[in-house]
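# Structural overview
Given next are the chains, with one letter for each unit.
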Amino acid sequence: MISVQEAQTIILNLVDSLRETENLELDALTGRILAKSITSSLDFPYWNNSAMDGYGVRFEDVNQGNTDQPITLKIVDEVPAGVQPKISLKSGETCRIFTGAVLPDGVDTIIIQENVQRQKDKIVVSQSPKYCGEFVRKKGDFYRSGDTLLSLGTKINEPEIAILATAQCFPVTVYRRPRVAILSTGNELITPTEKLQPGQIIDSNQYALKSFILKNGGIPISLGIVGDDRDLIKKKIIEGINNADFVLSTGGVSVGDYDYVDKILAELGGKIKINSVAIKPGKPLTVAKFDNGCVYFGLPGNPVSALVCCWRFVKLALDKLSGIEGDHKPKLITAKSDHDLSSGGQRETYVWGQLKLVDGEHIFTLAKGHQNSANLINLGLANGLSILPVGVTKVKQGEKIQVLAL
Ligand code: AMP
Ligand code: MG
């Protein structure tokens, strides 16, 4: 049995980032990973423009204004957003201007409309602006043409799509999505639409894993259910290895008489890198690498064990495969446990529950009911796995723990 940390290192070393890319338009980019960094040929803002609704002035005209000596300026134009102003402001003049409108020549400062008295075609300024350039967004102030806006390996979500749109950078080169085959093994398994007969179990793993892959940007390839038949499992595993970057199977990796997966992987020439990890739940995790680059994750069959292995290990591997930049380490949050927690102390133990932010402090609340790897139901609504390291058998209520945020 190897430690969780060793397993993580081995798994990450097995995975290379994808090389194949595709070019996509803005509408198709959500969740995709940039395969090239993005620089723009535009300045941001594109033009000097007003940050507020108000009046454009020359700072030198108004910087002496106060309630005893108000300054009067003549309104010579009105500048709405979206047009190129034609005037050039002279001393003693002002222009009505609106948020986002381009500054006319001569205007260097905006006075917000709340701070002037309007008198027909004049304004009276009795409070001078704080500085030259107040309420002006200057061309290139945020980013300049040639600056890197987004770097290689960035995941594209709504802010990044907005950046790509505004920088007119499209189509966008992204990595192709990883293909992940999913196989459920076990004589007892039926699909959710079949009528449950005595002794049977509904294959929930297929759906949980598919959802996990979709959420993490992959393309799930469903290989369905296969009974504990060595030849049939072998056929399905070959199909997975030939068609996917990763294969995730559940079941058949324990030490039972019908647990064939490890033997088949070896027969097919897979190099078995891991066959047992000191983690609870999830100990019988098997990981193998094939010559074509495919990485095989033989996950335990118990639904919670399978998901814990996905969250703790497969997620990091999938992020690296997808081309996401970073250290590919799990995101851990320090939280206060509001229950006593316990563990056998032999394996790194993951217990599930709710992570909440209360008055600036993270609190972990253990899920009610059995913490049992077959108890899928109380895993619902869990958004954190609290970790009891090897050697720690008790965490008292109120003590700090590390939580893997889901
Ligand atoms: P195994 O790892 O094959 O020994 O399975 C361990 C436990 O997980 C057994 O109780 C199985 O019935 C259950 N199990 C295996 N595969 C699945 C699955 N796809 N969906 C739900 N439960 C499963
Ligand atoms: Mg089984």
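Next up on the list: the packing of helix H1 (residues 4–14) against helix H7 (residues 303–322). One can describe the packing of H1 onto H7 by two numbers: an axis separation of 10 Å at closest approach and a directional angle of 25°. Of the possible angle classes, the one that applies to H1 and H7 is roughly parallel. When you trace H1 past H7, the crossing you get is right-handed. Every residue of H7 that contacts H1 at Val4, Gln5, Ala7, Gln8, Ile11 and Leu12 is listed here: Arg312, Phe313, Leu316, Ala317 and Lys320.

Turning our eyes to something else, we now look at the domain arrangement of the protein chain. Interface size is commonly expressed as the accessible surface area that is lost when the partners come together. Here the protein chain is partitioned into domain 1 (4–18 + 176–322), domain 2 (21–44 + 142–175), domain 3 (49–137) and domain 4 (332–405). Taking only C-alpha atoms, the centre of domain 3 and the centre of domain 4 are 59 Å apart.

Turning our attention to the nonpolar core. Membership of the largest hydrophobic core comes to 41 residues, with the highest contact counts inside it found for Phe246, Phe297 and Leu299. Of all the secondary structure elements, the ones that give two or more residues to this core are H1, strand E13 (179–185), helix H4 (205–215), strand E17 (246–250), strand E21 (295–299), H7, strand E24 (348–358) and strand E26 (384–388). In terms of residues, this core owes the most to one element, H7, which gives 12 residues. Setting aside its immediate chain neighbours within four residues, Leu299 contacts Leu209, Leu248, Ser249, Thr250, Gly251, Val253, Leu285, Ala306, Cys309, Cys310 and Val314. Of all hydrophobic cores here, the second largest spans 18 residues; its members include Ala181, Val253, Val261 and Tyr296.

Per the counting criterion, the structure on display carries 3 aromatic pairs. Ring centres 5.6 Å apart and planes at 50° place the aromatic pair Phe44 and Tyr46 in the tilted group. Overall, the relative accessible area of 12% leaves Phe44 in the buried class. Between the aromatic rings of Tyr46 and Trp47, the centroid separation amounts to 6.2 Å while the plane-to-plane angle is 70°, which identifies the pairing as edge-to-face.

By the element assignment, Gly153 lies in the loop between strand E11 (148–150) and helix H3 (158–166). Spatially, the C-alpha atoms of Gly153 and Val125 are 51 Å apart, while their sequence positions differ by 28 residues. In contact with Gly153, other than residues within four places in its own chain, are Ile33, Leu34, Gly323, Ile324 and Glu325.

With that out of the way, let us pick up the sheet that holds strand E8 (residues 116–119). With mixed pairing, the 6 strands of this open sheet are ordered in space as E7-E4-E6-E5-E9-E8. Of all the strands in the sheet, the pair left with one neighbour each is strand E7 (109–112) and E8. Looking at each pair of strands side by side, their axes are set apart by 35° on average, direction ignored. Inspection of the sheet shows strand E5 (residues 71–79) paired to strand E6 (residues 93–97) by 5 bridges, in the parallel sense. Opposite Val79, over in E6, you have Ile97 as the bridge partner.

For the pair H4 and H7, interaxial distance at closest approach is 11 Å and the crossing angle is 25°. What the angle tells us is that H4 and H7 run roughly parallel. Crossing angle aside, the handedness with which H4 passes H7 is right-handed. Between H4 and H7, the contacting residues are Asn205, Ala208, Leu209, Phe212 and Ile213 on the first element and Pro303, Ala306, Leu307, Cys310, Trp311, Val314, Lys315 and Leu318 on the second. Looking at the contact of H4 with H7 residue by residue, the class counts come to 11 nonpolar, 1 polar and 1 charged.

Mapped onto the elements, Ser50 comes out in strand E3 (residues 49–50). Between the C-alpha atoms of Ser50 and Leu34, which are 16 residues apart in sequence, the distance is 33 Å. Contact partners of Ser50, with chain neighbours within four places excluded, come to Ile97, Phe98, Thr99, Gly100, Ala101, Leu103, Ile110, Phe135 and Arg137.

As for its placement among the helices and strands, Asp203 is situated in the loop between strand E15 (201–202) and H4. Here the side chain of Asp203 touches Asn205 through a polar contact of 3.4 Å, landing on its backbone nitrogen. If we ignore the near neighbours within four places in the chain, the residues touching Asp203 are Ser184, Leu189, Ile190, Pro192 and Ile225.

Looking now at the site of ligand 1. Every one of the 15 residues lining ligand 1 counts as a neighbour, but Glu188, Ile201, Asp203, Gly252 and Gly301 are closest to it. Residue Ser204 places a main-chain N or O atom 3.2 Å away from a nitrogen atom belonging to ligand 1. Between ligand 1 and the protein, one listed contact pairs a nitrogen atom with a side-chain N or O atom of Asn205 at 3.3 Å. Expressed as a share of its isolated accessible area of 480 Å², the protein-covered part of ligand 1 is 80%.

Conventions adopted
Residues numbered from 1 in each chain as written. Chains lettered and ligands numbered in written order. Predicted model: local features only at pLDDT ≥ 70, side-chain atom pairs only at ≥ 80, totals over all residues. Heavy atoms only, no water. Axes fitted to C-alpha atoms, helices over the stretch in contact; angles between N-to-C directions. Helix = DSSP H or I, 4+ residues; strand = E, 2+ residues; numbered from the N terminus. Parallel < 35°, antiparallel > 145°, perpendicular 65-115°, else oblique. Left-handed = near helix turned anticlockwise from the far one by under 90°. Contact = heavy atoms within 4.5 Å. Domains from an automatic or database assignment. Core = buried A, V, L, I, M, F, W, Y, C linked by side-chain atoms within 4.5 Å. Buried < 20%, exposed > 50% of the residue type's maximum accessible area, 1.4 Å probe, protein only. Phe/Tyr/Trp six-rings, centres within 6.5 Å; stacked < 30°, edge-to-face > 60°. Pairing = 2+ DSSP bridges. Nonpolar A, V, L, I, M, F, W, Y, C, P; charged D, E, K, R; others polar. Polar contact = N/O pair within 3.5 Å; in protein donor to acceptor, adjacent residues only side chain to side chain. Near = heavy atom within 4 Å. Areas by Shrake-Rupley, 256 points an atom, 1.4 Å probe, with all protein chains shown as cover.

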